[in-house]
Amino acid sequence: MAHSKGGTFPTKEQPIFSKNKVNFTPSSPITHLCASNNKVVIAMQNRILIKIDLKNPDVPIEMDLKQHNVDAKLSNMFLDPSGQHLILTFSPKDSVNPAEVMYLGAKFDKPKEIAGLKTHIVTSVAWNQDVDTFTPASSTPFLLGTSKGLLFEAEVVNSDVKSTKLVYDIGKGNPAVISGCCYFFQPKSTTIFILVATSKRLYQFKGSISYKEERPWFSGIFTSYISQISEEYYKEFGPPSPTGIKVYSDHAVSRLHVHYLVGIGFPTTISYLTDTGAMVYNATLCPSNGEDDFLSNLKPVSYPKLSEAESASPTLPKSVVATDYHILLLYKTHVNAVCILNDEVIFEDMYSDTNGRLLNIVRDPIKGSIWCFTENRVFRYSVFDESRNIWRIFLEKGDFRRAEALGKNDAEKMEIICMKQADHCFANGDYELSAVYYAMTKASFEEIALKFVQVEKSSHPLKTFLMKKMGTMKSNDLAKTTALVLWLIEIFLSDLGSLRDFGKHATAEYKNLDEEFLQFMKQPLVKDCVSKNKKAVYDLMASHGDRENLVHFTFVMKDYDEVIESNINNGQYQTALSTLLKQKDSSLYSRFIPVLLDKDPKSTIDAIITAGRMLSPLKLLPKFSSKLEPGIATQVTRYLEHCVNNLRIQEPTVHDYMVSLYIHYYPAEKLMEYLEQQGMNIHTIRYDPKYALMMCLEKDMKLPSIHLYTLMGLYEEAVTMAIQVDLELAKKVANVPEDDLNMRKKLWLMVAKHVVKERNDIQQAMEFLQQCDLLKIEDILPFFPEFVTIDHFKDAICSSLQEYNQHILNLKYEMDEATKSAEIITEEIHAVRNRCAVIRATDQCTVCENPLLVRNFYVFPCGHKFHADCLLSEIYPTLTEPRKKLLQEHQKKLSEVNTNHDILSTGSAVISKRDQIKSDIDEIVASECVYCGDTMLKLIDVPFISEDDYLKVQREWE
């Protein structure tokens, strides 16, 4: 009956170890059992082997060994980690018959003798723990230890054990039974560690191979140890027994058990059970630690204390297996589970004699299952939540890191761990770290805070505790949160004040502390708390005289308006602007810009320009006064120019305001420069031309007004004003409407009229006739006074008459050419009417190549001849849908014509209605030769072979 001891876990909890009977009844007493990768092999006294796959336990594989070495006894059985390869050792019954070692492959069909191990008794096998290196027919190299202390290297190749080679002699001439051996690779390397156990010694060998594909693996490693006699690579154990205790051992060899975590080929626990019965030596290792000296890490684990009755004739464990934190010791009548961390027995399982002798306990190295068997029964141990109380053991040992790792998902465990660690750090003077852990507990806030106030003059541990504690506060703990925040602000201000008092305000220590304070103030919880207690915080900072952090505090709390207003009231305009520049709130600019612009225009505009697109010009313009001082107007104009030229602002309001500033505060040249930059397309300009024109007319700015008149299409007004400014400008404006000849002529006449009437400059008026091709002498004659004689215009009149005469000659020439062309066309028409074609009896149709005269036919001037139906079949596919429909209608009418009523009057000629319809059909079908006319040209891109017939024709050509 299994029961727990020692009170390691509560009685209501499920036991860590529990035994389950396996549903298996042997046909003969069991002698051996091994398990790996969910494969179990059982050997019975009747020499029957049974292999059970736990994934399919109802279909076991059975083998009879009676025909193999009848005189030998099965002494050992070794199964590889993949559960596919089995080594069997047969020891002789007498000295006449030799020992024998056999190999049984994955198919479990027939054992094969390993010739190289004849006469040797294999007592241990060291396999590679990487399951992926095994196949049903092969394995990586492995070691075999014998009863004489010899180590052989072998490998399974093609379902047979090959390359059996002696690599080392442990006893070096003195036989010593090898009771256990193993090897493993250091993680992510080709370094191999080999452990070999005898009854008194545990050996460690270390070496490297170039790569895992090379063979052999172990010969080179053992070569360097052959000549060594030092004790550096082994450890010897003794004395035979504790003083005063008589030990009775029923076995003569030790036990070596290596525990691997699932999926990791590096050991976490190495258990070495000596035959002296004194101790179980256990080394707990971790792959990440890079351990490479296993012998120095061996720590003894004491056997359970014996009762008075047991002390009279003590027995020793026969076997051992290890789990993550325990070892299971197999005694003659029971199994004990001992914690390797504190030597406490947590489980004792007694076995009844009805099950037969208790033989051995083994562990599946891959799946982790534990098997215990007697002569008549097989049992399986289940492990449930093995680490449930290990955290407490680590805690008692002071190993807080490992205790936290095991209890991190349990709030109650973490409370105990953190409290224990906090007390430990506090007792050792590590107040900073203790503050961190105290803050993670539910201990009394007042009690812990008082401890730090009393024991340590420095405020650092107290500050650490308060900040960590604040991080654990809930949003609804308003009172506690407020007290913590104000207390921390007081500590920060006191520390900063102390440094200033000692003249350390320029040191790195002060700057770091100040930066830490600012970061603290920016925390969301702190900001929310302080925003509700601004007055208290302002009073604290004022009491410490910390003006700099007061400003920073306003930044954090976004109370910039108060700081800026205070600076303006104190005449600190640059400081106010500097504060304003650090803000991202456009409403602050809108509020303070008018005041600052009046006090310091240039710096204010510089600040606005620096703000860039954050500020909307449309929101700032109303803040500017309608009547600006010249200096302020200059700066505002500079800002607007920045918006237009750099920020590419296109709002008409901004452009109109800038135009108004140009008109009121700048000469016309400045405005003209802007207007010309905007261009002459009224649809793309960004200002209001009507508004600009109105202001220009008010200020009597003629050049901009002329530009605006022209832009708006008011050319007459523009020319009228330009005549008053500059005659050349007027001419330039008159040429603007290039597409409107009448308007351009009218504008030039306005300029000419001004020159003739106002200036009385006849010579310049005559020059107009050369400058504008639209004006004639007769257009400007009405503008001259009556007293002007013909002599002034003689040259212009002669020139004009010559132009008219040349124009008349050109018209006469064109008329003559047209008359000649008409006559030629008339002659060609008469020639076509009298033209005839000669048809011979041998002529053939161009399409079907049959005699032409057998049916109705068409003959074309080009010489092509077609049957009427052949031509129709050729022309029809090329017709448009409307033409096809019209053709079908004519053909239908033709078939319906009654020969008795077949007279149709057409003009002065009398023709048959049938002939009329046929004429219409000919117009569609025979208007041109289908091969020589436009139809053929339109079909030039049409393939000769249609897409539907292309594949067929292609196959024919192939």
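Calculation rules
- Residues numbered from 1 in each chain as written.
- Predicted model: local features only at pLDDT ≥ 70, side-chain atom pairs only at ≥ 80, totals over all residues.
- Heavy atoms only, no water.
- Helix = DSSP H or I, 4+ residues; strand = E, 2+ residues; numbered from the N terminus.
- Contact = heavy atoms within 4.5 Å.
- Expected span 1.5 Å × (residues − 1).
- Buried < 20%, exposed > 50% of the residue type's maximum accessible area, 1.4 Å probe, protein only.
- Axes fitted to C-alpha atoms, helices over the stretch in contact; angles between N-to-C directions.
- Parallel < 35°, antiparallel > 145°, perpendicular 65-115°, else oblique.
- Nonpolar A, V, L, I, M, F, W, Y, C, P; charged D, E, K, R; others polar.
- Arc of directions from axis to C-beta.
- Pairing = 2+ DSSP bridges.
- Salt bridge = Lys/Arg side-chain N within 4 Å of Asp/Glu carboxyl O.
- Phe/Tyr/Trp six-rings, centres within 6.5 Å; stacked < 30°, edge-to-face > 60°.
- Lys NZ or Arg CZ within 6 Å of the ring centre and 35° of its normal.
- Left-handed = near helix turned anticlockwise from the far one by under 90°.
- Core = buried A, V, L, I, M, F, W, Y, C linked by side-chain atoms within 4.5 Å.
- Disulfide = S-S within 2.5 Å.
- Patch = residues over 30% accessible without salt bridge, like charges linked within 9 Å, V, L, I, M, F, W, Y side chains within 5 Å.
- Areas by Shrake-Rupley, 256 points an atom, 1.4 Å probe, with all protein chains shown as cover.
- pLDDT = per-residue confidence, 0-100.

## Overview of the overall build of the protein chain
When helices and strands are counted, the protein chain shows 34 helices and 33 strands. For the protein chain, long-range pairs separated by at least 24 residues make up 52% of all intrachain contacts whose partners lie at least 6 apart in sequence.

## Remarks on helix α20 (residues 652-665)
Counted at 1.5 Å a residue, the expected span for α20 with its 14 residues is 20 Å, and the 20 Å between its end C-alpha atoms agrees. Among the 14 residues of α20, 10 are classified as buried, and the element is accordingly described as predominantly covered. Inspection of α20 places Val654, His655, Asp656, Tyr657, Met658, Val659, Ser660, Leu661, Tyr662 and Ile663 among the buried residues, and these make up the whole buried set. Packing partners of the buried residues in α20 comprise α18 (617-620), α19 (630-645), α21 (668-678) and α22 (689-698).

## Things to note about the packing of helix α15 (residues 573-581) against helix α17 (residues 601-611)
Following both chains from N to C, one finds α15 and α17 inclined at 10 degrees, their axes separated by 10 Å at the closest point. Judged by the inter-axis angle, α15 sits roughly parallel to α17. Of the residues in α17, those in contact with Gln574, Leu577 and Leu581 of α15 are Ser603, Thr604, Ala607 and Thr610. Across the contact of α15 with α17, the residue classes break down as 3 nonpolar, 4 polar and no charged.

## Observations concerning helix α31 (residues 881-896)
Here α31 is 16 residues long and its end C-alpha atoms lie 23 Å apart, about the 22 Å a rise of 1.5 Å per residue gives. For α31, the complete set of buried residues consists of Lys884, Leu887 and His890. Buried residues of α31, seen end-on, are gathered within an arc of 125 degrees and therefore sit on one face of the element. Opposite the packed face of α31, turned more than 90 degrees from it, sit the exposed residues Glu881, Pro882, Lys885, Lys892 and Glu896. The secondary structure elements touched by the buried residues of α31 are α30 (868-875) and α32 (913-925).

## Some words on the environment of Ala668
On the secondary structure map, Ala668 appears in helix α21. By relative accessible area, which is 22% here, Ala668 ends up partly exposed. Setting aside its immediate chain neighbours within four residues, Ala668 contacts Met701 and Pro704.

## Some thoughts on the sheet that holds strand β3 (residues 30-36)
The strand order across the open sheet built from 4 strands is β3-β4-β5-β6, with neighbouring strands paired in antiparallel fashion. The sheet terminates laterally at β3 and β6 (61-64), the two strands that pair on one side only. Averaged over all pairs of adjacent strands, the angle between their axes in this sheet comes to 15 degrees, without regard to strand direction. Sheet analysis places strand β4 (residues 39-44) next to strand β5 (residues 48-53), joined by 5 bridges and oriented antiparallel. The residue of β5 that forms the bridge with Lys39 is Asp53.

## A short note on the pattern of salt bridges
Applying the stated rule across the entire model yields 16 salt bridges. Note that Lys118 and Glu113 form a salt bridge whose closest N and O atoms lie 2.9 Å from each other. One salt-bridge network, held together by shared partners, links Lys602, Asp606 and Arg638.

## Considerations on the sheet that holds strand β27 (residues 358-363)
Overall, antiparallel pairing links the 4 strands, which are arranged β2-β29-β28-β27 in an open sheet. Looking at strand neighbours, the two that pair on one side only are β2 (17-21) and β27, the edges of this open sheet. Averaged over all pairs of adjacent strands, the angle between their axes in this sheet comes to 25 degrees, without regard to strand direction.

## Some details on the packing of aromatic side chains
Within the structure shown, the criterion is met by 24 aromatic pairs. Both rings, one in Tyr674 and one in Tyr687, keep their centres 5.7 Å apart while their planes meet at 55 degrees; by these two values the pair is tilted. With Tyr674 in helix α21 and Tyr687 in the loop between α21 and α22, the pair connects residues that are 13 residues apart, well separated along the chain. Tyr687 matches Tyr674 in its accessibility class, with the two residues each being buried. Through pairs of rings, three or more aromatic residues link up here, namely Tyr168, Tyr203, Phe205, Phe222, Tyr225 and Tyr234. The ring of Tyr351 has Lys19 sitting right over it, with the charged end atom 3.9 Å from the ring centre. In this structure, Lys19 is placed above the aromatic ring of Phe379, and the distance from its NZ or CZ to the ring centre is 4.6 Å.

## Thoughts on the pairing of strand β29 (residues 378-383)
Bridge analysis of β2 against β29 gives 5 bridges, and the strand direction is antiparallel. Each bridged residue has a counterpart across the sheet, and for Lys19 the counterpart in β29 is Tyr381. Where strand β28 (residues 370-374) meets β29, 4 bridges bridge the pair, whose relative direction is antiparallel. Bridge pairing links Trp371 to Arg380 in β29.

## With respect to the packing of α21 against helix α23 (residues 702-711)
The interhelical angle for the contact between α21 and α23, taken along N-to-C directions, is 20 degrees, at an axis separation of 9 Å. In terms of axis orientation, α21 runs roughly parallel to α23. Every pair of crossing elements has a handedness; the one defined by α21 and α23 is left-handed. Only Leu703, Pro704, His707 and Leu708 of α23 make contact with α21, whose side of the interface consists of Ala668, Leu671, Met672, Leu675 and Glu676. When its residues are assigned to classes, the contact of α21 with α23 shows 7 nonpolar, 1 polar and 1 charged.

## Points about unusual backbone geometry
That bond from Arg215 to Pro216 is cis: its omega, -5 degrees, falls within 30 degrees of zero. Its place among the elements puts Pro216 in the loop between β17 (201-208) and α1 (219-223). One non-glycine residue with positive phi stands out, namely Arg47, at about 65 degrees. For Glu849, which is not glycine, the phi dihedral falls at a positive 60 degrees. Here Glu849 is to be found in the loop between α29 (794-833) and β30 (857-859).

## What to know about the nonpolar core
One finds Phe624, Val636, Leu640 and Tyr687 to be the most contacted residues of the largest nonpolar core, which totals 67 residues. Every residue in contact with Val636, bar those within four places of it in the chain, is listed here: Leu597, Ile605, Phe624, Leu628, Tyr657 and Leu661. With 63 residues, the next largest nonpolar core counts Tyr303, Ile327, Leu395 and Ala449 among its residues.

## Considerations on the state of the cysteines
Covalent bonding between the sulfur atoms of two cysteines defines a disulfide. Tallied over the full model, the rule gives 0 disulfides. Residue Cys862 stays outside any disulfide, its sulfur separated by 3.6 Å from that of Cys929, the closest cysteine.

## Topic: a nonpolar patch on the surface
A cluster of nonpolar side chains, contributed by Phe944, Ile945, Tyr950 and Leu951, occupies part of the molecular surface with about 500 Å² of accessible area. Mapped onto the secondary structure, Tyr950 falls in helix α34 (residues 947-957).

## Observations concerning the confidence of the model for the protein chain
Residues of the protein chain with pLDDT of at least 70 account for 83%, and the chain-wide mean is 79. Scored below 50 in pLDDT, residues 1-11 shows 27 contacts in the model against residues more than four places distant or in partner chains. Confidence drops under a pLDDT of 50 for residues 240-252, and excluding neighbours within four residues, the segment shows 23 contacts in the predicted structure.

## Concerning the pairing of β27
Looking along a regular strand, one sees side chains alternate from face to face of the sheet. β27 sits mainly inside the fold: 5 of its 6 residues count as buried. One ladder, built from 5 bridges, connects β27 with β28; its direction is antiparallel. Within β28, the position partnered with Ile361 by the bridge is Cys372. Joining the antiparallel neighbours β27 and β28 is a turn of 6 residues, in which Gly368 adopts a positive phi near 85 degrees.

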